[in-house]
Every structure is written in C-alpha cells, then in structure tokens.
Amino acid sequence: MTEPVDATERRSRLGTVFAAVLLGLFAMNDIPIGIFQDDGHYLILARALAFGDGYRYTNLPGAPAGTHFPPGFPLLLAPLWWVAPRFPANVVFFKLVNVALLPLAALAVRGFARRVGGLSHLAASVLAVVCMATVPVLFLNGLLFSETAFIAALCGTLVIAEQLASRASPSWRRPVLVGLAIGALALIRTVGLAVLPALLLWLMVRRRGRNAAWVLGGARIALAPWQA
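Predicted model, so just to flag it, every value in this text is computed and none were measured.

Engineer: Hey, could you run me through the packing of aromatic side chains in this one?
Structural biologist: We describe a pair of aromatic rings using the distance from one ring centre to the other and the angle between the two ring planes. The tally for this structure, following the rule as stated, stands at nine aromatic pairs. A ring pair is formed by Tyr55 and Trp226, whose centres lie 6.0 Å apart and whose planes are at 85°; its orientation type is edge-to-face. Linking Tyr55 in the loop between α2 (38-50) and α3 (72-83) with Trp226 in helix α10 (residues 209-227), this pair joins segments that are 171 residues apart in sequence. Exposure remark for Tyr55: the relative accessible area of 15% places this residue in the buried category. Counting every residue linked through ring pairs, the aromatic cluster contains Phe51, Trp81, Phe93 and Phe94. Lying over the aromatic face of Trp81, Arg47 brings its terminal NZ or CZ to 5.7 Å of the ring centre.

Engineer: Explain the pattern of salt bridges here, please?
Structural biologist: Scanning the entire structure with this criterion turns up five salt bridges. Arg114 is paired through a salt bridge with Glu9; the nearest N and O atoms lie 4.0 Å apart. Residue Arg114 is located in helix α4 (residues 91-115), and its partner Glu9 is located in helix α1 (residues 2-27); the two are separated by 105 residues in the primary sequence. A residue is classified by how much of its surface remains accessible, and Arg114, at 30% relative accessible area, is partly exposed. Across the pair Glu147 and Arg189 runs a salt bridge, and its minimum N-O distance is 3.3 Å.

Definitions and limits used
- Residues numbered from 1 in each chain as written.
- Predicted model: local features only at pLDDT ≥ 70, side-chain atom pairs only at ≥ 80, totals over all residues.
- Heavy atoms only, no water.
- Phe/Tyr/Trp six-rings, centres within 6.5 Å; stacked < 30°, edge-to-face > 60°.
- Helix = DSSP H or I, 4+ residues; strand = E, 2+ residues; numbered from the N terminus.
- Buried < 20%, exposed > 50% of the residue type's maximum accessible area, 1.4 Å probe, protein only.
- Lys NZ or Arg CZ within 6 Å of the ring centre and 35° of its normal.
- Salt bridge = Lys/Arg side-chain N within 4 Å of Asp/Glu carboxyl O.

By themselves, these are just geometric observations and shouldn't be taken as functional.
Given below as structure tokens:
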C-alpha cells in the first residue's frame, strides 16, 4: 500500500507545482514597478541592502530609514540586485521572483489542507490550485508585492504551529523554532504577528506555559533586530 500512496503524493505535488508555474507565467504583466508604490519601495530598499547602504531610502535626501516596511521581502530581493543590477532592464527578472514563489505558496496551501484539513491528495491539490488561480492572488503575483511570499510562509508556519498546539513538546527546540518562524513571518508582513498571540493563548489554555514561553522567546529573537 505504501508505494501507490507515495506515487499519488508525488504526482499530485508535481501537478500542483506545474499548474502554479503556468498561473504565475500567465499573471506576468508589463506594469512598471512603482505604479502601486509598495513594489517600488521594496525594490529601493532591496537595492540599498544589496549595496551596503543599510535599510534606507537612498532615493530620498538624507536617506531616511525604511521603518514602514518590514525587511523580509526586500532581504529576499536584495541578492538579485547583484545578479541583475541594471534598472529598468532587470524589472522582468525581479517579477520572475513571484513566478517562482507561487508554486511554493501552492505547496504550502496544499500541505496545510492535508495536515489541518485532512483532505486527500487530489482534493488538497485542487484546493491549492484554485486558491492560486483567484483574481486577487494572480493580480498581486503579477506585481512585485510580498503577498505570494507571505502566503507560502503563513501556511508553512501554521502547519508547524498546529503541530505544536496539538502535541506538547518536552524540548525547547520545537517551540523556539515555531517562535522563530512566526517572527520571520511578521518580517514579511506585520499582520503575520497575529499568529503569535493566538498560539500563546491556546498553549496557556492547555496549561503549557513552558512551551508558550519558548515560543515567545523565539519570536522575540527573530523580531529584535527589526524592532531595534
């Protein structure tokens, strides 16, 4: 029984990835970066990080610190400036980032549906592809926005958070890892921090204060440099 199940799992994952790549390519457009503001901010901050100028708006007088946007997505984009430093010729190259991230987001949604929703291989794959094919996701994926990266990180974080919530950990390693993941999630989009109080509340209700303390500690470690 193991081999057919494993084969079905592999095929359904590959089908999910293939469909998501096609959707990502379909969503690509020629809209200039900066029209919707956030994408321009991400690119400027990523360039500053790539060339050693700190997390600053180097396009403005005095190069003020980029305090409005968390640094997760710009950090992801920064190395690409070394590969393709010539703007605007590198716009298409940067937009391919979200094409690559969409299959990861689809697999994360699929994994969440399998782990938390208990869906079958096929049902989870169909759900993941349908989620990626919605108009808001495709529209934002065609821009240099952080939503696709956030979807992938959110579902992955929720899976490991749910594992900790459902089973106590005698070691500090797993709860610290979950806390670090939540902190990293909030560094992509600050709304991801909402996962932290939800998990802490659940752990406290289940009288698992030690696990809650380790989760909080891990999240604070991840967030401390940004808050400083």
